[in-house]
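# Structural characterization, general
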Amino acid sequence: MKKHQLLKATVLGLPLICLAAAATLAQQPPAADPTRNLTPVTDAMLRNPPPGDWLMWRRTYNAWGYSPLDQINKDNVKNLQLAWTWSMTAGATETTPIVHDGVLYLFNYANKIQALNAATGDLIWEYKRELPAKMLTDGGNLSSRNMAIYEDKLIAAMTDAHIVALDAKTGKVVWDHTTADWSKGWRYTSGPFIVNGTLVQGMTGCGNAQPGGCFITGHDAKTGAEKWRFQTIAQGNDPNANTWNGLPLQSRFGSSAWISGSYDPEQNLVFYGTGQPYPWIAEMSGLLPKKEGVANNAAYTDSTLAIDPSTGQLKWYRQHLENDTWDLDYVYERLLIDLQVGGETRKAIVTTGKLGIIEAIDRTNGAWLWHKETVHQNVVSAIDPKTGAKTLNGNALPPIGQTTVNCPADPGGRGWPATAYSPKTGTLYLPLNEYCSNTTPQPLDPGQAYTGGGRAVYARVPIPGSDGNIGRIDAVKLSDQSTVWSHRTRTPSTGAVLPTGGGLVFTGGWDRVFKALDDTTGRVLWQAKLNNAINSFPITFTADGKQYVAVAVGNGSGLARSLSTLTPEIKNPDGGSVLWVFALPN
């Protein structure tokens, strides 16, 4: 592997890392293979992970996305420099590396998984999934946002609706479970979540006209055998089945569970979010006009689901947006945070959907606590402060034959790049984008059968009175919901946020700039211009006692392509997916 000579330049008084012409340094002796000392990942480790490991999507069961590591801090981050890079398969790169005992596991586009020495970037092993030829050419998403590690196995959900367990030391297949038939449109775009030996996995691809919609499954982590299945569209004897405006099961579509979950050990409950009905336009889905004698809120779309991971039984749910006709999912991470509300401590879930409205609910029963709006929106005209009931703006409903202005629209004022919470500051950090859309439904022709898709076109435009800035990183104090600071940029925010014990918040955007912000002020303390867009989940870890910060870059995700239309002057290459790893000088 080639190392690179580093030059430091100054831009607006800030250190900016640049790569000079590649200069091969003196050959170092081969590093020891860290898999020799790889220890099994236990349930106790997942409940309380070592500070230097990153064992799951948001590092901890509570989904905070926070690392306590502080070797890299406000005082020395200006000296952060490139440690190593790794070229990845070109394509949409939305990944979260897993790190355990000095081994970094990486999911590449098109379902290639690699194990690397986390200190040097040297390849240890590689597994490449042989995907069906049609899947490789149909233009779908072949990336995944996360994997899981448990005992001696690395476990990943594949694009072809298989879940595969690999030996963490060798990469050899331990088991391969088929959950659904990929040829019918089923897909996985995010990975599993493991609780007490049960692997929990959400299904997506549910906009491909599959009757009855999506589901969440529980599996034996040792064998992959399916233990239970929860349907995310209410049906059959479910008491909420009569919420689909009288539609038969074969005409109910959507409710994808396309983002991984969080877990409360005290209650033994996992929390998942769900997406919207399909097709997006309610007149086409049959949810409007409303019929007499039936409800049309379409359970369990756009909801928080509280599920017993042992049985798959739904304990409670809360729907955040009824009859979503805009593709404004509430599928994203559920952060489990104990909050002071009305003079008492409440066990809360904090989540933010595409509308950019931060919502806090009680995680024992789904009761409403509070909300805070962030980006400009015109879909919800009012929220009852006691119940959380939303009043929708009738003028924002997109009827067939007309174009309406919706703020925001798909892919959201807050997209899938994750928010994060720092217990050090008591602050929620959010990547946001300000824009609206001229939304035009695409109706079916007379006699044409629905075969999938959202059936709407979004022409994205700046918000009214925009100053030209699209992206934001907001810091919101959860104790009083005050905005502490807002870091605004012309470039869309396309990367997740990573707060650390060193007082930093790492993030990046469509302009290829990866940066470290002061967690209390939002001031940029360090930045590096990389080779492609940051459109993934940065992590930090230790190897051989040294702290590193890693981020994968690459173009091609639907979110990035959609937001790029707002800033046509910012160009990015089609290829060039790379894992960048930074550290302080020795």
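These numbers were taken from a predicted model, which means no experiment stands behind them. (Residues numbered from 1 in each chain as written. Predicted model: local features only at pLDDT ≥ 70, side-chain atom pairs only at ≥ 80, totals over all residues. Heavy atoms only, no water.)

## With respect to the state of the cysteines
Applying the stated criterion across every chain, the model contains two disulfides. The partner cysteine of C206 in its disulfide is C214, sulfur to sulfur 1.2 Å. Judged by relative accessible area, which is 0%, C214 ranks as buried. Shown here is the disulfide that connects C407 with C436, its sulfur atoms set 2.0 Å apart. (Disulfide = S-S within 2.5 Å. Buried < 20%, exposed > 50% of the residue type's maximum accessible area, 1.4 Å probe, protein only.)

## Let's talk about the pattern of salt bridges
Overall, the coordinates contain 25 salt bridges when judged by the stated rule. The salt bridge involving R129 is made with D160; its shortest N-O contact spans 3.2 Å. Highlighted residues: R129 in the loop between β7 (123–128) and α2 (133–137) and D160 in the loop between β9 (153–157) and β10 (162–167), separated in sequence by 31 residues. A single burial state applies to R129 and to D160, both of which are buried. (Salt bridge = Lys/Arg side-chain N within 4 Å of Asp/Glu carboxyl O. Helix = DSSP H or I, 4+ residues; strand = E, 2+ residues; numbered from the N terminus.)

## Things to note about the packing of aromatic side chains
The description of two aromatic rings rests on the distance between their centres and on the angle between their planes. Applying the stated criterion to the full structure yields 22 aromatic pairs. An angle of 80 degrees between the planes, with centres 5.7 Å apart, marks the rings of W57 and F537 as edge-to-face. Separated by 480 residues along the polypeptide, W57 in the loop between α1 (43–47) and β3 (81–87) and F537 in the loop between β38 (524–529) and β39 (539–543) bring together distant segments of the chain. With respect to burial, W57 and F537 carry one shared label: buried. Ring-pair connections join several aromatic residues into one group, and the members of that group are F506, F514, W526, W580 and F582. (Phe/Tyr/Trp six-rings, centres within 6.5 Å; stacked < 30°, edge-to-face > 60°.)

## Brief notes about the pairing of strand β32 (residues 456–461)
Regular strands place side chains that alternate from one sheet face to the opposite one. Across the two faces of β32 the burial differs, with A456, Y458 and R460 buried and V457, A459 and V461 not buried at all. The sheet contact formed by strand β31 (residues 436–441) and β32 spans six bridges and is antiparallel. Across the sheet, residue T439 finds its bridge partner in β32, namely Y458. (Pairing = 2+ DSSP bridges.)

## Observations regarding the sheet that holds strand β18 (residues 269–273)
Ordered in space as β17-β18-β20-β21, the four strands form an open sheet in which the pairing is antiparallel. The open sheet terminates on both sides in strands that have one partner only, identified here as β17 (262–264) and β21 (314–319). The sheet shows a mean angle of 20 degrees between the axes of neighbouring strands, direction not considered. Here β17 runs beside β18; their pairing, made up of three bridges, is antiparallel. Residue pairing in the sheet places S262 in a bridge with F271 of β18. (Axes fitted to C-alpha atoms, helices over the stretch in contact; angles between N-to-C directions.)

## Structural notes on the side chain of S262
With respect to the helices and strands, the residue S262 is situated in strand β17. A distance of 2.8 Å separates a polar atom in the side chain of S262 from the backbone oxygen of R334. In contact with S262, not counting residues within four places along its chain, are Y61, N62, A63, F193, L269, V270, F271, R334 and L336. (Polar contact = N/O pair within 3.5 Å; in protein donor to acceptor, adjacent residues only side chain to side chain. Contact = heavy atoms within 4.5 Å.)

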